[in-house]
Amino acid sequence: MHPAFSVVFFTTATGAGYGLLALLGALGGLGFIPADFWLGFVGMALALGLIVTGLLSSTGHLGRPERAWRAFSQWRSSWLSREGVASVATFIPAALFGIGWVLLGKSGGWVAVAGLLVAAGAVTTVCTTGMIYASLKPIAQWHSRYTLPAYLIFAAMTGSVLANALLQSFSLGSSAILALALLATLGGWVWKLATWRYNDRLEIPTNANTATGLAGGTVRSIEWPHTEENYLLKEMGFRIARKHSAKLRRITQALAFVVPIVLLILVFMAPWPLAAMASALVAVSQFAGMLVERWLFFAEAKHTVTLYYGRE
Amino acid sequence: MSKAAPRGANSAPSQRPLSDTHAPNEGDGVETSPSVSDRIAKTTCYMCACRCGIDVHIKDGKVRYINGNKDHPVNRGVICGKGSAGIMQHYSPARLKKPLLRTGPRGSGEFREIEWDEALTIATERLSAIRRTDPKKLAFFTGRDQSQSLTGWWASKFGTPNFAAHGGFCSVNMAAGGLYTIGGSFWEFGEPDWDNTRYFMLFGVAEDHDSNPIKIGLGKLKARGAKVVSINPCRTGYNAIADDWIGIRPGSDGLFVLALVHELLKAGRVDLDYLLRYTNAPVLVVQEPGSADDGLFVRDSDGNSLAWDRVAKQPVSAAAPEAKPALTGSHEVGGRRCVPVFQLIADRYLDDSYSPDAVAQRCGVSADTIRRIAAELAHVAFEQAIELPIPWTDWAGRRHETIKGRPVSMHAMRGISAHSNGFHTCRAIHLLQVLLGTVDVPGGFRFKPPYPRCAPPGPKPCGKNAQPMTPLDGMPLGFVCGPDDLLVDEAGRPVRIDKAYSWEAPLAAHGLMHTVIRNAWAGDPYPIDTLFMYMSNMAWNSSMNTAETIAMLTDKDEAGAYKIPFIIYSDAYYSETVPFADLVLPDTTYLERHDCISLLDRPISHADGAADAIRHPVVQPDRDVRPFQSVLIELGARLGLPGFVEEDGSATYRDYADHIVNHQRTPGIGPLAGWRGKDGGSIGKGDVNPDQLQRYIDNGGFWHHEFADGQRYYKMGNRAYLDFAVEIGFIAKAEPIVFQLYSEPIQRFRLAARGHGKMQPPDADRGRIEAYMDPLPFWYAPFEDDTVDLEKYPLHALTQRPMHMYHSWGSQNAWLRQITSQNRLFVHRQTASKLGLADDDWVWIESVNGRVKGQIKLIDGVNPDTVWTWNAIGKRHGSWGLKDNAAESNRGFLLNHIIGDQTSADANGKRYSNSDPVTGQAAWFDVRVRITKCSADEAGFTEPQFERFARPPHFESSPDILRFGAEFRVNREAAE
Amino acid sequence: MTCLPAQTDKKLGLVIDLDTCVGCQACVTACKEWNTGGHMAPLTDIDPYGGHADGVWFNRVHAYEHTTERGGRTVNFPRSCLHCEQPACVTVCPTGASYKRASDGIVLVDESKCIGCKLCSWACPYGAREFDADVGVMKKCTLCVDRIYNDNLAEEDRVPACVAACPTSARHFGDLGDPTSAISQLVEERGGVALMPELGYKPTNRYLPPRAHSEGAAKVDAPALEPIKAEGGFLGWIDRMLSN
Ligand SMILES: Nc1nc2c(c(=O)[nH]1)N[C@H]1C(S)=C(S)[C@@H](COP(=O)(O)OP(=O)(O)OC[C@H]3O[C@@H](n4cnc5c(=O)[nH]c(N)nc54)[C@H](O)[C@@H]3O)O[C@H]1N2
Ligand SMILES: Nc1nc2c(c(=O)[nH]1)N[C@H]1C(S)=C(S)[C@@H](COP(=O)(O)OP(=O)(O)OC[C@H]3O[C@@H](n4cnc5c(=O)[nH]c(N)nc54)[C@H](O)[C@@H]3O)O[C@H]1N2
Ligand code: SF4
Ligand code: SF4
Ligand code: SF4
Ligand code: SF4
Ligand code: SF4
Ligand SMILES: [Mo]
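Description of the structure in this document. (Residues numbered from 1 in each chain as written. Chains lettered and ligands numbered in written order. Predicted model: local features only at pLDDT ≥ 70, side-chain atom pairs only at ≥ 80, totals over all residues. Heavy atoms only, no water.)

Attention shifts here to the overall build of chain A. Across its full length, chain A holds eleven helices and one strand. Sequence-ordered secondary structure for chain A, helices as α and strands as β, is α-α-α-α-α-α-α-β-α-α-α-α. The globule rule puts the C-alpha radius of gyration for 312 residues at 20 Å, and the 21 Å found for chain A is close to it. Each principal axis of the C-alpha distribution contributes one length, and for chain A these read about 65 × 45 × 30 Å. The buried share among the 312 residues of chain A stands at 55%. Excluding contacts between residues fewer than 6 apart, the proportion of contacts in chain A whose partners are at least 24 apart in sequence is 79%. By element, 71% of the accessible surface of chain A is carried by carbon and sulfur atoms, the whole surface being about 12700 Å². Of the charged side chains in chain A, 22 are positive and 12 negative; the average position of the first set lies 4 Å away from that of the second. (Helix = DSSP H or I, 4+ residues; strand = E, 2+ residues; numbered from the N terminus. Rg over C-alpha atoms; globule rule 2.2 N^0.38 Å. Buried < 20%, exposed > 50% of the residue type's maximum accessible area, 1.4 Å probe, protein only. Contact = heavy atoms within 4.5 Å. Areas by Shrake-Rupley, 256 points an atom, 1.4 Å probe, with all protein chains shown as cover. Lys, Arg positive; Asp, Glu negative; His and termini not counted. Charge placed at Lys NZ, Arg CZ, Asp CG, Glu CD.)

Moving on: the pattern of salt bridges. Residue and element names in this part refer to chain B. All told, the structure shown has 106 salt bridges over all chains when counted by the stated rule. Among the ionic pairs, Arg496 bridges to Asp498, the shortest N-O distance being 2.8 Å. Assigned by exposure class, Arg496 and Asp498 land together as buried. (Salt bridge = Lys/Arg side-chain N within 4 Å of Asp/Glu carboxyl O.)

Bringing the pairing of strand β6 (residues 138-142) of chain B into the picture now. Residues and elements named next belong to chain B. Among the five residues in β6, five count as buried, and that is most of the element. Of the two faces of β6, the one carrying Leu138, Phe140 and Thr142 and the one carrying Ala139 and Phe141 are both buried. Here β6 runs beside strand β23 (residues 530-534); their pairing, made up of five bridges, is parallel. Residue pairing for β23: Ala139 is matched across the bridge by Leu531. As a crossover connection, the stretch from β6 through helix α3 (residues 148-158) into strand β7 (residues 163-164) is right-handed. (Pairing = 2+ DSSP bridges. Right-handed = clockwise from strand over helix to strand, strands pointing away.)

Residue and element names in this part refer to chain B. Pairing is antiparallel across the open sheet formed by three strands, whose spatial order is β26-β27-β28. Only two strands of the sheet have a single partner each, and these edge strands are β26 (595-597) and β28 (702-706). Within this sheet the neighbouring strands show an average axis-to-axis angle of 5°, counted without direction. Two elements, strand β27 (residues 609-615) and β28, share five bridges in a ladder whose sense is antiparallel. Residue pairing across strands places Asp612 opposite Trp703, the latter belonging to β28. (Axes fitted to C-alpha atoms, helices over the stretch in contact; angles between N-to-C directions.)

Further remarks concern the interface of chain C and chain B. The partner chain B presents 114 residues to the 99 residues of chain C that form the contact. Buried area between chain C and chain B, both sides added, is near 8400 Å², and the carbon and sulfur share of it is 56%. Considering only the surface of chain C that becomes buried against chain B, Glu33, Tyr49 and Leu225 of chain C emerge as the three largest contributors, covering 11% of it. Remark: the boundary between chain C and chain B carries seven salt bridges. (Buried area = accessible area lost by both parts, 1.4 Å probe.)

This part takes up the packing of helix α3 (residues 79-103) of chain A against helix α4 (residues 109-134) of chain A. Residues and elements named next belong to chain A. Two elements in contact, α3 and α4, have axes separated by 8 Å at closest approach and are oriented at 160°. Relative to α4, the element α3 is oriented roughly antiparallel. When the axes of α3 and α4 are compared, the crossing they make is left-handed. (Parallel < 35°, antiparallel > 145°, perpendicular 65-115°, else oblique. Left-handed = near helix turned anticlockwise from the far one by under 90°.)

Right, let's talk about the side chain of His616 of chain B for a bit. For His616 of chain B, the position within the fold is in the loop between β27 and α17 (628-639). Setting aside residues no more than four positions away along its own chain, His616 of chain B makes contact with Lys42, Thr43, Leu591, Arg593, His594 and Ile697 of chain B.

See the structure below:
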């Protein structure tokens, strides 16, 4: 699949945004994070900012963005529509929560209810995003039991890393959050490795034989229907060399998991402001790593339509 | 099923409309009944030379949609990939807009626009000077147009013998091979009996002139489960769907076919009755080596050829119906030893050199396969013979209650013809067909009227003594029956610029267009003044050795004058040849003009009926262009050519439409056969009918006469058919047409080579005439096989026509070029691996004639010693309205660069044109090559490259985006 | 509405005979020219005369080589929308632009609702969706919905453009939901197959496999030819034949 930057950025940013939003909602609402105006303001701005720029970036992928509103209508069948609905619906408790927690400096009570709703909305939205990909049968690498958990884990991971950075920069570092970030990152790493392992061994029943209905033996493409690349090939015929993808996998692991893990362990021991700077660095590194991961998520995904073009 | 009666080709129950075609009540707002067109104009397609009937739907003044005409005898409602893309041809950005006069150097593409009057004045002055002095200094050559009956007539009236159309580089081997043998031919003059055949052999065809008819026919065979055998080095297209694909080595079909003949003879599986009735198998041939009549037929004093009556034990006229001729033995007649033709056939082909084992390796086909095919042929021909319950009467008046047939049919085209041994290979295939008794029988190969004709047909080529201001005494092209008919001077030198009908190409029935540029440049046999060409891209894909051809077009003498002094060219588009013209006459598109698809030319008849057709303007030109034929008629009038002017000097014809209706070739016979006579009541012959064109238009653009059942088969000897053919003017006499398995005209040339007769070949040509003018078909290796180092050039290189492209002119088509804008060289997987080549590699393709660069694609379905590519995809920068980065000129390549236009020098140092020695047919497919991987910095782009042509004035740059059709929707929705 | 109809009254679709298709591209350009002025007009061509030409086409013909232990065959393979019974291209659509008609099973895009999110093209395993980058919406084969019911066409012409054009008669059209229809019987007789059945889209269109690989290939069971053994060989035989 063609890794369009708008989509790569969209899933990375909203994943992190909803992860952070969920943590702020749940932990802030229940009072585990103090209701500090600036902390709350920056935190909510960061979370919503990521979400909004992500969503806006995704509309950059649309052919007719001015009609984007229509996407809310098909929630009964379409995960994309559900994502739209869930993402927008989450803004309602998010607004209430923001008023209560950030402006009024409250936690507990209705603010807690709003916060938990925010968290639920965020999780739901991330689930719907994951399901968009997980439900696509023509792309075996996505249509797997690894995809949905990956979205949730990565949201939790990037969200908690951001939450940690946020708290650290306000010198409010919590070892629970820190531990959560560390564990989630470890979890993310394990999950990513497991996913890659799964995908690398994937035996896909769909092949050039089933695609053409020509049973048995080999089916080789000798001529395309058109000389130049068309939409299908540009959108779905993306190929990445094995060598290239191995390198990018190493970069992903370094930036998204190794650097964050090492730094997070250091944060446990480092004093402020070093801990804050390290935490910020973790967030930046991981975000960059996740962009690469997401890019690979697309680049390594093979759509069945490529079978028709002899691109395995 | 549908209430609609099944009509046209695609009318199987599973291809008809729904039983209820009322739109269901879906409620989704879809307009299921939009209006399609304001009017439908029925005319004839010209996206290729197949000439299908089309319905052009015009909406809001533009062409909305083109589909096949269901009533049309050629395509019966279907349409091919090109035909449906006609819109994009008609609106092509490469269309010429106005007459052009060259301003820059030849080949630069620098022109200025001029008015038509100036253009015609320039042409008239030039041509009139030629006509007054030496008319053969005009060489008038036309491409795949369909107006040769007009253009040939014009040349004849002008008085130049130097006229031909494209047939010489196309398929004259097939035309001549057939016409000299069976009086008809594959090409467009015959077709398999698609409805009855059970075994179909297809030799060397990728697409053919009969584009849709062959496809419709193959569909029928498939639907019936008839067996399709393809003999072709390449397994694509038609050959892909064959039940049996025989990936023969190029140039060896003659051997393969004669091995089949060997097997059939050996097993006694030939149709003796058929041979006796319809062929010259029993005719006695003089066997007196050294004498002047050796190898000629024994004739009586009336000139009738004789046979040996095996009952009366004496010679009889071979045509006598009651005779009982012998097919074998040696006899004596009038003191001359003689044997029947058939004895010669048996003697030759029963020889072990024609056995499957002897030929297998050379053909790349196992001996077992050859034996199997022979057995299958015999089995289907003789054990599955069919009989149609249709009474008929043969030429001798014998009535038959049924029509018997042998359901084996064959078709062959350029894979046979485009080799230097193609004429004899084509004859070998006809021999095989005739031995099996399958020509013009149910289930076999059938003639399309006006064929069959006498083998060879009537008129001889004219123009031996062209004189100033004098028309020729006939048409420039025709059929020679011996050395006396050649167009050579006393010294044996060619009279024609293309050397057709000379000792170098005696049976050149279609001329040799591919030699004109070289000969004119070299002044061999003489220099010319003006080269006048129409509709052929001679500076590119229809020339061999293209780079050198281009150089000849631009070469100058010491005085700085072009060696070919003046070039006039008519094209409709900005092709690679336009920039080489000094004067360009821009033509209309096929939807903007009248055309005539005439029985006098290359007809659209089919085996069950005669047909002809017209084109008429269905839209008006939006540019200052004129139909070429009308321009030619005006030129004729301005030159005062007889037949083009009245006594008072006024023009006889207003334009081509006027000519089509009013011209009479001989009294009562004109370009169109339908609705003749004042009231339109007669066919074939009859007075001029002023309403004729309208009658055609009213009938969908064509005329069609279906034969009565008893006229459809055995046309060579069918009384009812022959009488009809005379009545309508196809043939002069209702005499049976005898298949010439042994060709006496050809033997006459051989006798000349042996020193007999007053017409003697120059010594340099004597050996060639002796070797190749063999009265019976034989096989020899294609010339290049014998002259190049096969270790060095081990591979054969072929081209095939893509079904969706017509030669060079498809690439300007926005739709068609998307399908193929780069041609690959297809290489067998094993061959590539031996050469260390991988898929997508860039390679040099080298022959003795040069090298060209392209990208390879590996396949399995090709003879391992053969590489091939799609024809005419490579384009020159600046042509066809294509942008500079178009794949056609950057990655596509033209194989023609490496196909030599001459043979290597022989022992006398003489080089001939790279053609069949009998007919002059261009030997495109003889070329031998090697392929080697390019270096890394050479990969990615094709070579050779040529300077980019300038754009003619007022050419806008081609659009970056095409939204064709959007306007119909907007208008439709606005109207709702 | 992108929920699928529980069932459709008809299952209209195409059947393509791979034994007969010669790859002539007639169906391809006939489809293009009909549709570029039809329901989804235009079928935009970007850079039509340049080096990166990329147009919208509803039907495209591939060529493959199929090699089994029984030998090889070149197969031309037209590919267009299969009007699936369980088309995820429809259910993923967030806007309701994509839908499957309950009446005849045709899968269509309502351009006026399409936001060009392209998800349906990701969801179609067969590559049957064509994005018109100029208009910004998804387009696709309409099964010629504006022909097959079109009162402005002669009744006999109310078939898809590609079926009418196909010179070899390799394309068939009809109701595949009706087991008695001619097209269903053809599928039955020739063992028509569905593409990628394992994905569960239940395509309506079927492909008839090439016969050269199967028992159905045309064969001639001819005994081997025997040379004439009798006296005088072939020429002697002729004499005897003629004296009969
Ligand atoms: N390598 C290789 N070369 C080959 C062949 C091959 O098999 N292999 N085949 C050979 C054969 S058989 C042939 S017939 C030739 C064909 O080759 P050409 O005779 O060159 O045919 P086209 O390329 O179709 O070019 C015809 C010209 O006619 C112009 N034209 C098109 N429509 C019109 C019109 O309406 N009016 C006018 N005035 N002009 C028009 C086109 O623009 C073009 O310039 O190629 C030969 N060349
Ligand atoms: N679509 C389309 N149709 C056309 C044309 C076009 O350009 N495009 N051109 C028209 C013209 S002018 C012509 S002349 C006809 C020609 O139509 P075809 O006769 O079909 O000509 P080619 O495409 O040259 O195909 C020649 C075939 O012969 C095979 N072949 C080559 N050498 C040998 C051999 O030694 N033995 C055997 N058995 N096979 C061999 C090649 O593999 C190829 O398949 O088509 C006409 N129709
Ligand atoms: S075969 Fe030739 S004439 Fe017939 S529709 Fe196709 S392009 Fe036109
Ligand atoms: S083929 Fe593709 S576009 Fe057509 S219905 Fe099936 S899934 Fe949808
Ligand atoms: S591109 Fe259009 S039709 Fe396709 S899923 Fe998106 S909105 Fe629906
Ligand atoms: S049914 Fe119509 S839209 Fe679909 S492929 Fe055929 S011609 Fe094109
Ligand atoms: S029109 Fe028919 S033969 Fe030609 S490519 Fe299409 S399906 Fe195949
Ligand atoms: Mo030709």
